[in-house]
Amino acid sequence: ISASTNLVLTAILVLTMAVFGILGILRGSFEGATVTNPAMIFHPYGVILFALSGASVIPRVRKALGGQRSDFKSVVIWGTILPACLYILFALGVVAASPYGVTVDAITGTIPFLGNRAAILGNLAGFLATLTSFIGIGLTLKELLAIDAKIPVPVAWLAVSILPGVAALFAVKNDVGV
């Protein structure tokens, strides 16, 4: 997949998450938003970790920018701040639009306030978040296997492309649990 394809998918992801977050905040309510079980405070840890997983593409960013250090620093700073703000907006929208509590998938609980169309939008955001992260991390891992482990590029590509699918089919049933 080319960088331009990933850029388009990322732009759609950003728009989808922003719209969903804004809809949730505008149509929802924070009245019922309380932490009723303190043991669950770390429940979103895996989701937050996934949201910050873009750090693995920093070497690719540095390579793309060449030797321009000031540009690199600025890109890393803004590339961290902007996604964090977007995830906060999305999370606030989910919390506000989940009158009966946030569900494991985060989206089905928003249906009472946002309806089925918004649920489709939320699921699209989740799919695109996973896909765009997979592309960036996959390309980095493929290069790591090919350069550092001296694995032939086609074999590295197959390992990065097929093994996650196999794991999903046979082992992993809950992304949040991971």
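Data block above holds the structure.
Let me sum up the structure you'll find in this document. Being a predicted model, the structure only gives us computed values, none of them experimental. (Residues numbered from 1 in each chain as written. Predicted model: local features only at pLDDT ≥ 70, side-chain atom pairs only at ≥ 80, totals over all residues. Heavy atoms only, no water.)

## Looking at the packing of aromatic side chains
Part 1 of the argument: Counting across every chain of the model gives one aromatic pair.
Part 2 of the argument: Between Phe20 and Phe90, the ring centres sit 5.2 Å apart and the planes meet at 35°, which makes this aromatic pair tilted. Of the two residues, Phe20 is situated in helix H1 (residues 3–27) and Phe90 in helix H4 (residues 69–96); the sequence distance between them amounts to 70 residues. For the pair Phe20 and Phe90, a shared accessibility class is recorded, and that class is buried. (Phe/Tyr/Trp six-rings, centres within 6.5 Å; stacked < 30°, edge-to-face > 60°. Helix = DSSP H or I, 4+ residues; strand = E, 2+ residues; numbered from the N terminus. Buried < 20%, exposed > 50% of the residue type's maximum accessible area, 1.4 Å probe, protein only.)

## With respect to a nonpolar patch on the surface
Part 1 of the argument: Together, Ile25, Phe30, Ile88, Leu92, Val95 and Val102 give the surface a local cluster of nonpolar side chains, amounting to about 470 Å² of exposed area.
Part 2 of the argument: At three residues, H4 tops the list of elements feeding residues into the nonpolar patch.
Part 3 of the argument: Tracing the backbone shows Phe30 in the loop between H1 and helix H2 (45–51).
Part 4 of the argument: Take Phe30: its relative accessible area is 40%, and that puts it in the partly exposed class. (Patch = residues over 30% accessible without salt bridge, like charges linked within 9 Å, V, L, I, M, F, W, Y side chains within 5 Å. Areas by Shrake-Rupley, 256 points an atom, 1.4 Å probe, with all protein chains shown as cover. Salt bridge = Lys/Arg side-chain N within 4 Å of Asp/Glu carboxyl O.)

## Examining the nonpolar core
Considering soluble globular proteins, one finds that nonpolar side chains tend to be buried as a cluster.
Part 1 of the argument: If you look at the biggest cluster of nonpolar residues, it comprises 18 residues, and the most contacted ones within it are Leu13, Met17, Phe20 and Phe90.
Part 2 of the argument: Secondary-structure elements contributing two or more residues to this core are H1, H4 and helix H5 (111–147).
Part 3 of the argument: Counting residues per element, this core draws most heavily on H5, which supplies seven residues. (Core = buried A, V, L, I, M, F, W, Y, C linked by side-chain atoms within 4.5 Å.)

## Points about the environment of Ile137
Part 1 of the argument: Here Ile137 is to be found in helix H5.
Part 2 of the argument: Between the C-alpha atom of Ile137 and that of Val57, which follows or precedes it by 80 residues, the distance is 6.5 Å.

## Describing unusual backbone geometry
Part 1 of the argument: A positive phi angle, close to 60°, is found at Lys150, a residue other than glycine.
Part 2 of the argument: Structurally, the position occupied by Lys150 is in the loop between H5 and helix H6 (153–170).
Part 3 of the argument: Of the residues examined, Lys150 reaches a relative accessible area of 66% and is grouped as exposed.

## A short note on the side chain of Thr16
Part 1 of the argument: In this structure, Thr16 sits in helix H1.
Part 2 of the argument: Excluding its chain neighbours within four sequence positions, the residues that come into contact with Thr16 are Leu121, Leu124 and Ala125. (Contact = heavy atoms within 4.5 Å.)

## Here we look at the environment of Pro154
Part 1 of the argument: Mapping Pro154 onto the fold places it in helix H6.
Part 2 of the argument: Put simply, Pro154 and Lys142 are twelve residues apart on the chain and 9.2 Å apart in space, counted from C-alpha to C-alpha.

## A word on the packing of helix H3 (residues 58–65) against H4
Part 1 of the argument: With their axes 10 Å apart at the nearest point, H3 and H4 run at an angle of 145° to one another. H3 and H4 meet at a crossing whose hand is right-handed. Touching Ile58, Val61, Arg62 and Leu65 of H3 are Arg69, Asp71, Phe72, Val75 and Val76, all from H4.
Part 2 of the argument: A class-by-class count of the residues in the contact of H3 with H4 yields six nonpolar, no polar and three charged. (Axes fitted to C-alpha atoms, helices over the stretch in contact; angles between N-to-C directions. Left-handed = near helix turned anticlockwise from the far one by under 90°. Nonpolar A, V, L, I, M, F, W, Y, C, P; charged D, E, K, R; others polar.)

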